[in-house]
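Summary of structural features
Below are the chains, spelled out letter by letter.
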Amino acid sequence: MPDSILTLDGVGVRFGGLKAVDDVSLCVKRGERRAIIGPNGAGKTTLFNAISGVIRPTSGRVTFEGRDVTSAPPHRRAAAGISRTFQITNLFPSLTVRENMELAIWGLVARKFSFFGSRKLTAGEDARAKRALELARLGARADVLVSALSYGEQRQLELAMTLATSPKMLLLDEPAAGLSPSERIIVADVIRALPTDLTIILIEHDMDLVLSLVDWVTCLSNGRFLAEGAPAEIRTNADIQDVYLGRARPHA
Amino acid sequence: MSTPLVSALPPVDRAAPTKRVLVWLCIVLAALLALPLLLPGYQISIATQILIFSILAMSIDILAGFVGRTPLGHGAIFGVSTYVVIYWTASLGGSLWVGMGLGILAATLLAAVFALLAIRTSGVYFLLLTLALGMIVWGVCLRSTGITGGENGLRGIGRPGFLVDHVHFYYAILLVTVPVTWIIWRFVHSPFGLTMRGIRESESRMRSLGYNVPLHLFLAFVASGFVAGIAGALYAVFNDFVSPSTVQLSQSVSALLMAITGGVGTLFGAFVGATAIILLENVVSVFTARWPSVLGLTFVLIMIFAPEGIVGRARILLAKRRRRS
Ligand SMILES: Nc1ncnc2c1ncn2[C@@H]1O[C@H](COP(=O)(O)OP(=O)(O)O)[C@@H](O)[C@H]1O
Ligand SMILES: [Mg+2]
């Protein structure tokens, strides 16, 4: 499959006796917009951790762009082009928004080893940072400490930090969790504005948001693969309705 | 990487560094230059000692304040440099300048060994591991009587002629301290320095952004050891004597206390902290021989009442006042 960017072969993650991810296989095509859905505790975040390297899978294989990255550390996977956001906001709270952007931008360039150099962004880097902040509606907040941002703004910064880099695949873990309806619209707009050749995997509970953004949905339940299909089929799939859509919508 | 996810827009200028800080630095520097005019000989050598320990406290601040890992073994790294300088000059008859270079090199290498063992840990485990490594160094210095003179220590050959005078020596140390401070300041404000603060705030985020976190921790630790080595080499010239007490735990504790008293993460707090602790030690030792107990008590009081340190507290108050006005 030359056009597949990410392949999981029987990936499993165990925490002691708990199989958080159990024998999951899937294949994501280059440029695809994929949603991963499933009730809380289904193993979605753990699957992201296995893909991005935060956790090493206890079984199975992760292949990214034809390379086996199953046991590669996270910074290698980032260098290979995997970028992610976190479900639980994971920023640098006592640094300013701009400093957070600097760290995002320098993650994959040699400048991070400049021991005595200036921290002034190059013209190109500065433009990227500004543009990313504007897209995420944070243009006026560059000099504010992250700890002083509202929760919604912190979620927007999570997005902006990935926007300023140039990944090949983006993993978004509930980017709209806990946001107000108007903030959700910002998130949806940002995701829609991303380049079409970028592969995106999205975890999200808001089904309207998910179904309007992606072209393929995978549903997990209890760590196992349950079903997959186009958004239209997902709405009518009986299995998925049983475990997921039929319930009250879970909140993260 | 090829094209970023966002397209290009024209750049904007960043705010210039505040003039206020520069003005303050000039005032402090003028005061340091004028100090010998005000103090008699004995007291000027206390000022010299404060400068040397400020460098040690800054080396600790690199780790404690910027990387967020508090070391308790820096007395050993510092003292090994002192040992090497005195052994090289007094026992081997080598030149002082080469000896100081070797001392700094030895401290840097020792820091690299400490770093390899300690960077996988954090929090209290990091503290205890560096403490244990420091204890090993102390034990080795105590036991290797043939080289270190054991408990008796090693006596140096005295300062070079032009440094014998207390005031001359003070200016010589000041002449080293100022550029060393400037270089450390550049270091913590460089792109690499920002990665150190990023690691302090969130290692998992740093990793997923592409940073090899253990490598950055290692480099920061080695840089910190290099600076501690400079302080140790200067101390060899200052003290002209070294014994296991130079590398012992209380050295690490008092140096860490200087960094904390001044305020970790403030860099210049190291000078305030070193001044406070060394002055306190000199005052206390007039009344009692129980300096270690007083040191411990000071530590507890600082941690309870001003954990952000003197400079840290001053910054908070200043920020509050500025917001009000
Ligand atoms: N680090 C961990 N240690 C132990 N158990 C974990 C850990 N991370 C997740 N789990 C467990 O794994 C299961 C899947 O969690 P998670 O992947 O966060 O689910 P989801 O993101 O689908 O809500 C849950 O039962 C959770 O408690
Ligand atoms: Mg989750």
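As a reminder, the structure under discussion sits directly above these lines.
Residues numbered from 1 in each chain as written. Chains lettered and ligands numbered in written order. Predicted model: local features only at pLDDT ≥ 70, side-chain atom pairs only at ≥ 80, totals over all residues. Heavy atoms only, no water.

The helix and strand inventory of chain A stands at nine helices and ten strands. Principal-axis analysis of the C-alpha atoms gives chain A an extent of 55 × 40 × 35 Å. Relative to its 252 residues, chain A shows a buried fraction of 59%. Considering only contacts in chain A between residues 6 or more positions apart, those separated by 24 or more positions represent 67%. When the accessible surface of chain A is split by element, carbon and sulfur atoms take 53% of a total near 10,100 Å². Put simply, chain A has 31 plus and 28 minus side-chain charges, and the middle of one group is 5 Å from the middle of the other. (Helix = DSSP H or I, 4+ residues; strand = E, 2+ residues; numbered from the N terminus. Buried < 20%, exposed > 50% of the residue type's maximum accessible area, 1.4 Å probe, protein only. Contact = heavy atoms within 4.5 Å. Areas by Shrake-Rupley, 256 points an atom, 1.4 Å probe, with all protein chains shown as cover. Lys, Arg positive; Asp, Glu negative; His and termini not counted. Charge placed at Lys NZ, Arg CZ, Asp CG, Glu CD.)

Facing 52 residues of chain A, the contacting portion of chain B comprises 39 residues. Each partner contributes to the roughly 4,200 Å² buried at the junction of chain A and chain B, and carbon and sulfur atoms together form 64% of this total. When residues of chain A are sorted by the area they lose upon contact with chain B, Phe115, Phe116 and Arg119 of chain A head the list and together hold 15% of the total. In this assembly, chain A and chain B are joined by two salt bridges. Close ionic contact of arginine 197 of chain B with glutamate 99 of chain A constitutes a salt bridge, the shortest N to O distance being 3.0 Å. Viewed at the interface, chain B and chain A are joined by 15 residue pairs in polar contact (both at pLDDT 80 or more). (Buried area = accessible area lost by both parts, 1.4 Å probe. Salt bridge = Lys/Arg side-chain N within 4 Å of Asp/Glu carboxyl O. Polar contact = N/O pair within 3.5 Å; in protein donor to acceptor, adjacent residues only side chain to side chain.)

This next bit is on the coordination of the magnesium ion (ligand 2). Around the magnesium ion (ligand 2), the protein contributes the donor atoms Thr45 of chain A (OG1) and Gln87 of chain A (OE1), at 2.0 to 2.1 Å from the metal centre. Note that threonine 45 of chain A is positioned in helix H1 (residues 44–52) and glutamine 87 of chain A in the loop between strand E6 (82–84) and helix H3 (97–106), a separation of 42 residues in sequence. (Donors = N, O, S within 2.8 Å, 3.2 Å for Na, K, Ca; no water.)

Moving on to a positive patch on the surface. Residue and element names in this part refer to chain B. A contiguous patch of positive charge, built from Arg20, Lys320, Arg321, Arg322, Arg323 and Arg324, is present on the exposed surface. Among the elements that line the positive patch, the one with the most residues is helix H15 (residues 309–324), at five residues. Among the secondary structure elements, arginine 322 is positioned in helix H15. Residue class for arginine 322 comes out partly exposed when judged on its relative accessible area of 48%. (Patch = residues over 30% accessible without salt bridge, like charges linked within 9 Å, V, L, I, M, F, W, Y side chains within 5 Å.)

A word on the environment of threonine 70 of chain B. All names here are of chain B. Looking at the secondary structure, you find threonine 70 in the loop between helix H2 (41–67) and helix H3 (74–91). For the pair formed by threonine 70 and phenylalanine 126, sequence separation is 56 residues and the distance between their alpha carbons is 7.0 Å. The residues contacting threonine 70, other than those within four sequence positions of it, are Ala64, Phe126, Leu127, Thr130 and Leu256.

Moving on to the packing of aromatic side chains. Pairs of aromatic rings are described using the distance from one ring centre to the other and the angle between the two planes. Summed over all chains, the structure comprises twelve aromatic pairs over all chains. For the ring pair phenylalanine 115 of chain A and phenylalanine 187 of chain B, a centre distance of 6.2 Å and an interplane angle of 20 degrees mean the geometry is stacked. Separated into two different chains, phenylalanine 115 of chain A in the loop between H3 and helix H4 (123–135) and phenylalanine 187 of chain B in helix H7 (residues 166–188) make up a pair that spans both. Since its relative accessible area comes to 7%, phenylalanine 187 of chain B is described here as buried. Here the aromatic residues Phe113, Phe115 and Phe116 of chain A together with Phe187 and Phe192 of chain B are joined through ring pairs into a cluster of three or more. Sitting over the ring of phenylalanine 86 of chain A, arginine 84 of chain A keeps its end group 4.2 Å from the ring centre. One Lys or Arg, arginine 159 of chain B, reaches over the ring of phenylalanine 169 of chain B and ends 4.1 Å from the middle of that ring. (Phe/Tyr/Trp six-rings, centres within 6.5 Å; stacked < 30°, edge-to-face > 60°. Lys NZ or Arg CZ within 6 Å of the ring centre and 35° of its normal.)

Turning our eyes to something else, we now look at the site of ligand 1. Residues and elements named next belong to chain A. Near ligand 1 you find Phe15, Leu18, Ala20, Pro39, Asn40, Gly41, Ala42, Gly43, Lys44, Thr45 and Thr46, and these make up its full shell. Between lysine 44 and ligand 1, the recorded distance is 2.8 Å, taken from a side-chain N or O atom to an oxygen atom. One of the side-chain nitrogen or oxygen atoms of threonine 45 is found 2.7 Å away from an oxygen atom of ligand 1. With the chains in place, 59% of the 560 Å² that ligand 1 exposes on its own is no longer accessible. For the shell around ligand 1, the class distribution of residues is five nonpolar, five polar and one charged. (Near = heavy atom within 4 Å. Nonpolar A, V, L, I, M, F, W, Y, C, P; charged D, E, K, R; others polar.)

Everything listed is a geometric property; what it means functionally is a separate question.
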